[in-house]
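Remarks on the overall topology
Here are the chains, one letter per residue:
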Amino acid sequence: MRILVCVKRVPAVGSRINVTDDGQQVDTAHLGFTTSPHEECAVEEAAQIVERLDGDDHAVVVLTLGPEASAEQLRYAASVGGSEFALVTAEGGLDWDPQRTAVAITDAVRELEAAGGLFDLILFGNESADGGNFQVGIRVAHALGRPIVNGIKGIDVGERGFTARRETDAGYEVYELEAPCALGVKEGINLPRYPTMKGRLASRKAQIQELDCAGGADAGGQSRVRLHRPPERASTTVQLGDSAEAAPAVVDLLDELGVL
Amino acid sequence: MSDFPARADCVVIGAGIVGNCLVGHLSDLGWTDIVLLDKGPLPNPGGSTGHASNFIFPVDHSKEIVDLTVDSQHQYEALGLQNTCGGIEVARSPERMEEFRRRMTSATCWGIEAKLLSVDEVVEMVPFIDPDVILGGFYTPSVSAVDSLETGTQMRRRATEAGHLQTFANTEVLDIETVTGANRPRISAVVTDRGRIECDTVAIACGVWSPKLAEMAGATIPLTPAVHQMVDVGPFDALVETNQELAYPIVRDMDTFCYERQSAGSMEVGSYAHRPILHRVEDIPSNEEAALSPTEMPFTPDDFDDQLEQAIELMEFLGDGEIKYAINGLLSLTPDAAPVLGPTPEVENLWSVAAVWVKEGPGVGRLMAEWMTHGYPRMTDPHGSDVTRFYPQDRNVIHIETRADEHFNKTYGIVHPREQWATRRNLTCGPAKARTDDLGAFYFEAGGWERPHWYESNADLVERYGVEGRTHEWDARWWSPITDAEHMHLREHCGLVDISPFQVFEVSGPGVVPYIEKMAVNKCDLPVGRSIYTPVLTADGGFRSDLTIVRLSEDRFRIATGAFDGGRDEYWFRHNLPADGVHFENRTEAVATYGVWGPNAAALLQTLTETDLSQEAFGYGQVRDALLSGIPTQMFRISYVGDAGFEIYCPTSAGLALWDAITQAGRDFELRPVGAGVYGTTGRLEKGYRLMGAELESDYNPVEAGLARPRVKAADFIGKEAYLAAREAPLAAQLSTLRFESLRCAEGYDRFPMGAGNEPVLTPAGERIVDSHGRVSRVTTAGNAPSLGAYLAMAYLPPELAAVGTELSVMYQHEQYPVTVAATGANLALFDPDDSRMKA
């Protein structure tokens, strides 16, 4: 089984997100970076799927498109179950709208498949933590002519493909997809593992294949006008007391909030 | 919640371990109107306390740090918030095993139980350590882990319940206001986003943010935020099964600068081995911006990979643990790695309480409360942490960052007592630097100055005087036999010492006599041209300084103090200036100073001047203006080395010419340049002269130091009441000179104790000696006495032992060496005890 997981490097933000002076980007001066959370779950899901299979001719290929520093996210994936890694270097984040991104990833998938064979499954995050466009996975699947379902909270391997569950207000929708196919997964599908110390050390040796697929298309119709930071909601901490003595005040408050 | 106050006696900014403990102790000492502010939420406002590993290894080589740490442990214990689990430092190198012997010496000195462990003993206590990786261990049963957040909460509660404290979290300080004070700006108010609080006193306990807060008031707190990387890995069955927070001793893997601390089912692995990662205060995110807390910055895994490998080497099972939490935790680094405590010199009533670890937090809270209440701490002499120790050139960001960068990787390092800095050198130099360079001077840094410690040009003297080297590299490090040879040459002929790093102040004006009398124990109102060597005391009667004062004219005095003491002394003299009538000036940079001593000194200098330099015309302790080779100088007949001669002061601009004139004339008198090794150690020690920071500390008084004069002057002075009481009280300790009877170690060669302050004086049977005030007898200075063919030490002893002939021992590197008390009381000189040479 070959599974491709597409991940994105995104800022690890606190409760307040600062915007650069020109209003075009998140100010990352104080921030670290991480893998977009839905995609962290996608890597975990792929790792779990192949771990459940017999044999060892399986691969979890992790692909990212982003600045060179995105290699950090690939190495993280290497420490939590990824087996092969590819990077499409794409500097200048603003020029990368969902259309252009999807074209480049589609090209990358074709290149990876030409060399290593078809992916039985391509996993995307439901949406990226920073852009939140909800488009790239669907555009890539469409371009490749493969079925895709978004919002997935459960995946099982079937005879000819995959069974995927999607959470709805009323329960679950269940889809059966024939391989090759694509799925967009949501946080909650699993609890991603942490890297072990050995895993982290091994990830330093991971080979990252660089793909030259960034030139396939220009940005499409979507462009950013300006980011705005929503007005802050002032929050005041009220100390209800220390240790056991605080219990009555906590009860009163819960009562007041209608929780009890 | 109480209304936001418009006024308070004291505002403490920062509710980490230090600020919380400070308010608790201020309340205990009778401060009744305190406000504590923090911009973050309680109980964890987001500073370094919140991510601390919270463990305490009490053994250190510094008395000051140990006093603070052990006191902190007592406080944590009293609150029931200490878990004593023991701790093992493991060695991977022979050098570290040697260092453990030094740690055993320190542990013995401070009375902390400790033990050297074999590899098997280490593994018996921590079975998951790979025995093949280590050579042995150093075990301290009293190592503990504490709850610093809950301690802070309880300290606050104590002050709040006493009705002395109001606390406001989520309150950001926007400005600290000052008004014109008697001789510098004085605190008037703290402005916050919730209102303005008028106040008399402000204490900044803001950890890594402290420099920014100090700047608001126009002051400096020299520290830089720096990263300490830490990860939490687990879970491990071996740890989970213990069902305890800390079932195993905390392990410090000293040679890889890492630690492994059990935290219930997982292990915290922290490091001081990664590259120094320094930040600026403005780079720290706010509580809202931070993904975790402001001081838990994003982990940079590449910097930690080597440490992961080393941790797995030591404890293989760690490799399978999941890294659940990893941070670049911020802590405070200062230019010399010591805390930054005390009154800021720039702003009156603004106190720095910064660069403190959790292990010292409660102790520092107590120390600072004493300092703010009594004018000086009582629990220990704080001179190594005193914020005023920093000179102006030590307070800029380049200096702070460069030095922090240099010492960060020495956090677990083996730091020699005489270790010299590699960076930020050659910034402050005497006027003869080009000449001393040519002479092959080996420089030590003295208060930022380059001071020749010995001269390679004198290497020929080593053979002439038959000086022997030292066998053990540790003893020989930062030392040269040339020093002893220079010493012998000075005693036989004469030597020229560059003492330009002396800190020189002048005080003048119509009110100067009452002012200087108030500062000094000994009478200063003497005829013009006379000098006074005098202690300067704290209000409690302990040493704050010792220095020399010269009356230059009716209304002008010059004060000369040591290169390491200038910052603290300048603060103290400025702090006590009256509102008007006295002018203070720091003349250090304007004045060059040389010393010429030895049997030939007067004859040599006489060839350069028409001033009569004979003892009859120019007696000991006198000061004269004199032309030397046509250069205007002040000559001061005094000696710290025990031979006749002069300190010579001249304008810095003439310093090079004067050096040349003296050395040229010196050709006929066998003059040699002589380094500070003679001036500061061998010469001084033969004469039993005391040194501030070594023999002289606030823990001791002039009676105990043997510096009490027969009579007490009529004028009032700071500490007089306590001094008078000390003169009447039974003596608890007496400074004494000890002579080593043998330096031969078990391996059959001589060792040379450092006198670094951590070497205990023991009974011959090896028992600690503690006086009736609880002060331990320890070597304050040790060194060679080349003229006596002896190795000497100084130490305070209880009166029953302070008798010539008493046989004792000194521990050095965990071995005992026999010593005999050779002198005690006022005259500690073993060389020329009648001072006949100085009067020759």
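All of these numbers come straight from a predicted model, not from anything done at the bench. (Residues numbered from 1 in each chain as written. Chains lettered and ligands numbered in written order. Predicted model: local features only at pLDDT ≥ 70, side-chain atom pairs only at ≥ 80, totals over all residues.)

What follows deals with the overall build of chain A. Counting its regular elements, chain A contains six helices and eleven strands. With the C-alpha coordinates of chain A rotated into their principal frame, the extents come out at 65 × 45 × 40 Å. Residues classed as buried in chain A amount to 38% of the 260 residues present. Contacts in chain A between residues at least 24 apart in sequence constitute 72% of all its contacts with a sequence separation of at least 6. (Helix = DSSP H or I, 4+ residues; strand = E, 2+ residues; numbered from the N terminus. Buried ≥ 20, exposed ≤ 12 C-beta atoms within 10 Å, placed from the backbone. Contact = placed C-beta atoms within 7 Å.)

Along its length, chain B carries 20 helices and 40 strands. For 840 residues, the compact-globule estimate of 2.2 N^0.38 gives 28 Å, and the C-alpha radius of gyration of chain B, at 28 Å, lies within 12% of that figure. Along the first, second and third principal axes, the C-alpha set of chain B runs to 85 × 65 × 50 Å. Within chain B, the proportion of its 840 residues that are buried is 57%. If you take every contact in chain B between residues at least 6 apart in sequence, the share linking residues at least 24 apart comes to 74%. (Rg over C-alpha atoms; globule rule 2.2 N^0.38 Å.)

Looking at chain B as a whole, the pLDDT averages 96, with 100% of positions reaching at least 70. In the model output, the complex is listed with pTM 0.94 alongside ipTM 0.87. (pLDDT = per-residue confidence, 0-100.)

With that settled, consider the sheet that holds strand β38 (residues 790-797) of chain B. All names here are of chain B. Pairing is antiparallel in the open sheet, where six strands are placed in the order β36-β39-β40-β35-β38-β37. In this open sheet, the two strands that pair with only one neighbour each are β36 (761-762) and β37 (779-785). Two strands pair when backbone bridges link them, and strand β39 (residues 807-812) and strand β40 (residues 815-824) are joined in this way by six bridges, in the antiparallel orientation. The residue bridging Y812 from the neighbouring strand is E815, located in β40. Sheet strands in contact with helix α19 (residues 676-687) are β37 and β38, and its direction is about 100° off that of β37. (Pairing = 2+ DSSP bridges. Axes fitted to C-alpha atoms, helices over the stretch in contact; angles between N-to-C directions.)

Note: most peptide bonds trans; most residues except glycine with negative phi. The omega angle of the peptide bond from B:L42 to B:P43 is 5°, so this bond is cis rather than trans. If you trace the backbone, B:P43 turns up in the loop between β2 (34-37) and β3 (55-56). Here the bond from B:G234 into B:P235 is cis, since omega is -5°, no more than 30 degrees from zero. Locating B:P235 in the fold gives a position in the loop between β13 (224-234) and α7 (237-240). Of note in this structure, A:F134 is not a glycine but carries a positive phi near 60°. Residue placement: A:F134 occurs in the loop between β6 (121-125) and α4 (136-144). One non-glycine residue, B:D835, adopts positive backbone phi at about 60°. For B:D835, the position within the fold is in the segment after β40.

Taken as a class, soluble globular proteins show a tendency for nonpolar side chains to be buried jointly. Residues and elements named next belong to chain B. Among the nonpolar cores identified, the biggest contains 132 residues, and V11, L22, I34, V202, I204 and V353 are the most heavily contacted of them. Discounting residues that sit within four places of it in the chain, V202 has contacts with V11, I13, I176, I187, V190, N349, L350 and W351. One finds A560, A601, V761 and V821 within the second-largest nonpolar core, a separate group that totals 117 residues. (Core = buried A, V, L, I, M, F, W, Y, C linked by C-beta atoms within 7 Å.)

Attention now goes to the sheet that holds β6(A). Note: strands within a sheet are paired through backbone hydrogen bonds, in either parallel or antiparallel orientation. Residue and element names in this part refer to chain A. Across the sheet, nine strands lie side by side as β9-β8-β7-β10-β6-β1-β4-β5-β11; this open sheet has mixed pairing. A single partner strand is all that each edge strand has here, and the edge strands are β9 (172-178) and β11 (208-211). Between one strand axis and the next, the sheet turns by 35° as a mean value, whatever way the strands run. For strand β7 (residues 148-157) and strand β10 (residues 181-185), the ladder comprises three bridges, and the chain directions are parallel. Paired with V149 across the two strands is L183, which belongs to β10. Relative to strand β5 (residues 84-89), helix α2 (residues 71-79) is tilted by about 170°, and along the sheet it contacts β1 (2-7), β4 (59-66), β5 and β11.

On the chain B side, the residues contacting the 23 residues of chain A number 27 residues. Broken down by element, the residue count for the side of chain A that touches chain B peaks at four residues, all from helix α5 (residues 197-203) of chain A.

Turning to the environment of B:H416, a few remarks are in order. Residues and elements named next belong to chain B. Examined against the element boundaries, H416 turns out to sit in the loop between α10 (397-407) and β21 (428-429). Residue H416 is classed as partly exposed on the basis of its C-beta count, with 13 C-beta atoms lying within 10 Å. In sequence terms H416 and P673 are 257 residues apart; their C-alpha atoms lie 26 Å from each other. Apart from residues no more than four positions distant in its own chain, H416 is found in contact with R477 and W478.

Residue and element names in this part refer to chain B. At a minimum axis separation of 8 Å, helix α1 (residues 17-28) and helix α5 (residues 148-161) run at an interaxial angle of 30°. When the axes of α1 and α5 are compared, the pair comes out roughly parallel. Our pair here, α1 against α5, has a crossing hand that is left-handed. Of the residues in α5, those touching α1 at I17, N20, C21, V23, G24 and S27 are S148, T151, G152, M155, R156, R158 and A159. Here the contact of α1 with α5 is built from residues that sort into five nonpolar, six polar and two charged. (Parallel < 35°, antiparallel > 145°, perpendicular 65-115°, else oblique. Left-handed = near helix turned anticlockwise from the far one by under 90°. Nonpolar A, V, L, I, M, F, W, Y, C, P; charged D, E, K, R; others polar.)

Bringing the environment of B:L165 into the picture now. Inspection of the secondary structure puts B:L165 in strand β9 (residues 165-168). For B:L165, the residues in contact, after removing those within four places along its chain, are B:V23, B:S27, B:I34, B:L36, B:R156, B:A159 and B:T160.

This paragraph deals with the pairing of strand β31 (residues 623-628) of chain B. Residues and elements named next belong to chain B. Pairing of β31 with strand β32 (residues 631-637) involves six bridges; the strand directions are antiparallel. Bridged to L628 within β32 is I631. Counted between consecutive antiparallel strands, the loop separating β31 from β32 contains two residues, among which S629 sits at a positive phi close to 50°.

All names here are of chain B. Counting buried positions along strand β5 (residues 87-91) gives five out of five residues, so the element sits mostly inside the fold. Covered by surrounding structure in β5 are G87, E89 and A91 together with I88 and V90, the residues of both alternating faces. Relative to strand β7 (residues 136-140), β5 runs antiparallel, the two being bridged by five bridges. Residue E89 lies in a different strand from β7, and its bridge partner there is F138. Pairing geometry for β5 and strand β14 (residues 250-253), over four bridges, is parallel. When the sheet's bridge partners are listed, I88 is paired in β14 with V251.

Moving on, we get to the packing of helix α14 (residues 481-492) of chain B against α19(B). All names here are of chain B. Two numbers describe how α14 lies on α19: the axes approach to 9 Å, and their chain directions differ by 75°. When the interaxial angle is binned, α14 and α19 end up roughly perpendicular. Counting all contacts with α14, which are made through T483, D484, E486, H487 and L490, the residues of α19 involved are G677, V678, T682 and G683.

Residues lying three or four places apart along an α-helix face the same way, a consequence of the helix completing one turn every 3.6 residues. All names here are of chain B. Helix length check: α19 (twelve residues) gives 15 Å between terminal C-alpha atoms against 16 Å at 1.5 Å per residue, within 8%. Taking burial as the measure, the twelve residues of α19 include twelve buried ones, the bulk of the element. Turning to α19, its buried residues number three or more, namely A676, G677, V678, Y679, G680, T681, T682, G683, R684, L685, E686 and K687. Just downstream of α19, G688 is the residue with a positive phi angle, here 70°. (Expected span 1.5 Å × (residues − 1).)

The next point concerns the domain arrangement of chain B. Residues and elements named next belong to chain B. Taken domain by domain, chain B holds domain 1 (417-422 + 456-729) and domain 2 (731-840). The straight-line distance from the C-alpha centre of domain 1 to that of domain 2 is 24 Å. Listed by partner, the interface residues are 31 residues for domain 1 and 37 residues for domain 2. Only α14 and α19 provide two or more residues apiece to the side of domain 1 that touches domain 2. Top element by residues in the side of domain 1 that touches domain 2 is α19. It accounts for five residues. Here the side of domain 1 that touches domain 2 is composed, by residue class, of eleven nonpolar, ten polar and ten charged. (Domains from an automatic or database assignment.)

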